[in-house]
Amino acid sequence: MARFRAALDLRPLPAERVTLAAALGRVVAEPVAAAADAPPFDRASVDGFAVRAADTEGARDGAPRRLRLNAEVLACGVAPGIALAPGTATAIATGGMIPRGADAVAMIEWTALDDAPDGPAMLLNRAVAAGQFIGFAGSDIARGEALLRAGAIVTSREIGMLAAAGHDSVPVVRRPRVAVLSTGDELHPPGRALPPGGIPDSNAAILCAAVAEHGGEPVPLGIFPDDEAVLAAALRDALARADLVVMSGGTSKGAGDVSHRILAGMGEPGVLVHGVALKPGKPLCLAAVGTTPVVVLPGFPTSAVFTFQEFVVPVIRALAGLPPREETEVAATLAVRMPSELGRTEYVMVSLAEAEGGLRAFPLGKGSGSVTAFSQADGVFAIPALDAGAEAGAPVRVRLIGGALRPPDLVIIGSHCTGLDAVLDVLAAQGIAARSLAVGSLGGLAAAKRGECDLAPAHLLDPKSGAYNAPFLAPGLRLVPGWRRLQGVVFRPGDARFEGLDGPEAVRRAAADPALLLVNRNAGSGTRMLLDGLLGGARPAGYANQPKSHNAVAAAVAQGRADWGVAIAPVAGAYGLGFLPLADEHYDFFLPEARAGRPPVAAFLAALESPALRRRLTELGFGA
Ligand SMILES: Nc1nc2c(c(=O)[nH]1)N[C@H]1C(S)=C(S)[C@@H](COP(=O)(O)OP(=O)(O)OC[C@H]3O[C@@H](n4cnc5c(N)ncnc54)[C@H](O)[C@@H]3O)O[C@H]1N2
Ligand code: MOO
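With an unreviewed UniProt entry as reference, the chain is termed Molybdopterin molybdenumtransferase, source organism Roseomonas alba. Recorded under Catalytic activity (unreviewed entry), the UniProt text for the chain is reproduced unchanged: "adenylyl-molybdopterin + molybdate = Mo-molybdopterin + AMP + H(+)". Quoted verbatim from the Cofactor (unreviewed entry) field of the UniProt record, the comment on the chain reads "Mg(2+)".

The following block contains the structure:
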């Protein structure tokens, strides 16, 4: 990183002038002084009469002073035409311009009209001091006074001051133009139908938005194939247009990894760093052509955005004239053991939840290829290169991602169910933010016992008693009834190897048929325990594919990546799959007694019992 920074010119870019309408969020490039006085003239700050204070001396109830009225009314925007002679007054509105000769304003409430043959007059029954109720020119800010300092961020407040002080534009640091290129034959613009093997280009979307978040101007250049000649031309074009070039993909060791090779022929100093002892981010490539930084990020989305934040954001902010991003660290306890590769510093994305004795950090455990890990994590902590992992219960320092930590109102850890989303939608409408971590029924029960969550949803069958959940209750926990859901074998409709069978028979036959591919579930999930019980030790083909949700199982079967799996009826229905019932489960909630009194928990329990939710659950295919 030091070599990279040394090769660059990290001073803020030169200034440009932008209109106030375009100035929001920009960084002020040089000190700005007021161009005009505010207010621009002496003005009345009340409705009443402009007077000479000396004329009002001694005025009081019962002994008013009589002042003749001049023949003009100084409304806002009216330039006075008559200088105020001794013994006279001029009617004036709040904001009206003080006429020559006047040195105070008397409030209208202190006066009475007193027309007489010599003309209109008023009686004033209060004395006013010189200067009273006058806002003097330049008293707010005077022309030439410092208004904004270099480096200030222009918000609505700065724009208001600039406008009042006579400016219609402001000098700001030119935003660094950051060219963003994606490489990979498999990539397609987001939202398009994908051919087999196709991947939406999510890196360019998140990187362009992150460039803007840190004061840069994204220049999205699109998707390029893994072709040296095409990429070299694209990079030359990018260098001509941008202050910084960010590419993603094609950095590691595969045959298609050409990005770093083309950099070699682009100009001095070229590649400065290729490969870092970090996870995620190992194949990162930092280069410069002249003083223009060129960064090739790993293609894996978590690796790309993580290394972008670590290595590119500081450069963009420096060029944009912004101070380094503020980092906030919080102390937490690691909830589960986290193994780590020796020799690389590993950054672990975690969700944070309040628990007895402080924050608990739950690793997202999704790996470098995940597109959600960085976006959904609360923060990140590091496992040093020489450690083989971090133990459950270890204290960790978590650097927050995305600024402040907003702990959720309600923490739910355990089994996931689409019915649970319906409850959380009700709570969201009441402004209650819930965090739900799908770790499986057993993981949730353990978290509830440790006091790490408010509710632990579970569907645990006790084989001995045939009862759900209640046999697993522990001291300090209460069981809150949820709803029923049918678990069953899912298969593509029309598949004769399943049609017409009953559920347990279908499992027996499918497990014995090597041509049929299973999609399993993650260890610790209630669904996995159900299936393992039925398999009785058999390990059918596909057993190693262990996604974490019913939806993932249904999607795998619907798309033909697997032929069968176990999922709940509502999800099978949503994917148009065949369904052979296996078990009518109770999906209930373990509630730590210590948490039962919390208002968000009370709101959850009330939502659970509400007729509207019950109707919604029935609509979704759940039982009472
Ligand atoms: N034999 C080795 N293989 C790999 C190594 C290694 O050292 N030896 N390193 C691994 C590590 S660590 C990482 S990180 C990745 C980085 O790979 P690349 O930078 O070459 O990236 P690609 O191969 O182009 O893509 C990887 C992956 O990411 C997807 N991708 C790429 N671009 C995008 C994009 N714009 N939006 C969304 N997704 C994208 C791509 O489809 C691949 O799935 O290499 C390991 N392999
Ligand atoms: O460095 Mo890669 O980013 O480990 O996955």
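Trainee: An account of the site of ligand 2 is requested, with residue identities and associated values reported.
Mentor: In the vicinity of ligand 2, the contacting residues are L278, K279, P280, G281, K282, P283, F300, S303, R344 and S368. The separation between an oxygen atom of ligand 2 and a polar side-chain atom of S303 is 2.3 Å. In this structure, an oxygen atom belonging to ligand 2 sits 3.0 Å away from a side-chain N or O atom of R344. Here the residues of the shell around ligand 2 are counted per class, giving four nonpolar, three polar and three charged.

Trainee: Pulling in residues and values, what's your account of the pairing of strand β26 (residues 379-383)?
Mentor: The buried fraction of β26 is high, at four of five residues. As paired elements, strand β24 (residues 345-355) and β26 share five bridges and run antiparallel to each other. Bridged to Y347 within β26 is A382. Here β26 pairs with strand β28 (residues 395-400) via two bridges, running antiparallel.

Trainee: Break down helix α9 (residues 441-449) for me, with residues and values.
Mentor: For α9, the set of buried residues is S441, G444, L445, A447 and A448. On an axial view of α9, the arc spanned by its buried residues comes to 160°, and they lie on one face. Elements in contact with the buried residues of α9: β29 (410-414), β31 (456-458), β32 (477-491), α11 (526-535) and β35 (578-592). Phi turns positive one or two residues past the end of α9, at G451, with a value near 75°.

Trainee: Describe helix α3 (residues 202-213), and please don't skip the residues or the numbers.
Mentor: Here α3 spans 17 Å end to end across twelve residues, near enough to the 16 Å set by a 1.5 Å rise per residue. Taken together, the buried positions of α3 are N203, A204, L207, C208, A210 and V211. Each buried residue of α3 sits inside an arc of 165° when the element is viewed along its axis, so together they form one side. As for α3, its buried residues are in contact with β13 (177-183), β16 (217-224), β17 (244-248), β21 (292-297) and α6 (301-320). One side-chain oxygen of the residue at the start of α3 lies 3.5 Å from the amide nitrogen of N203, identifying that residue as D201. Of the residues flanking the end of α3, it is G215, one or two places downstream, whose phi is positive at about 90°.

The rules behind these values
Residues numbered from 1 in each chain as written. Chains lettered and ligands numbered in written order. Predicted model: local features only at pLDDT ≥ 70, side-chain atom pairs only at ≥ 80, totals over all residues. Heavy atoms only, no water. UniProt positions renumbered as here; feature names shortened; annotations may be inferred. Near = heavy atom within 4 Å. Polar contact = N/O pair within 3.5 Å; in protein donor to acceptor, adjacent residues only side chain to side chain. Nonpolar A, V, L, I, M, F, W, Y, C, P; charged D, E, K, R; others polar. Buried < 20%, exposed > 50% of the residue type's maximum accessible area, 1.4 Å probe, protein only. Helix = DSSP H or I, 4+ residues; strand = E, 2+ residues; numbered from the N terminus. Pairing = 2+ DSSP bridges. Arc of directions from axis to C-beta. Contact = heavy atoms within 4.5 Å. Expected span 1.5 Å × (residues − 1).

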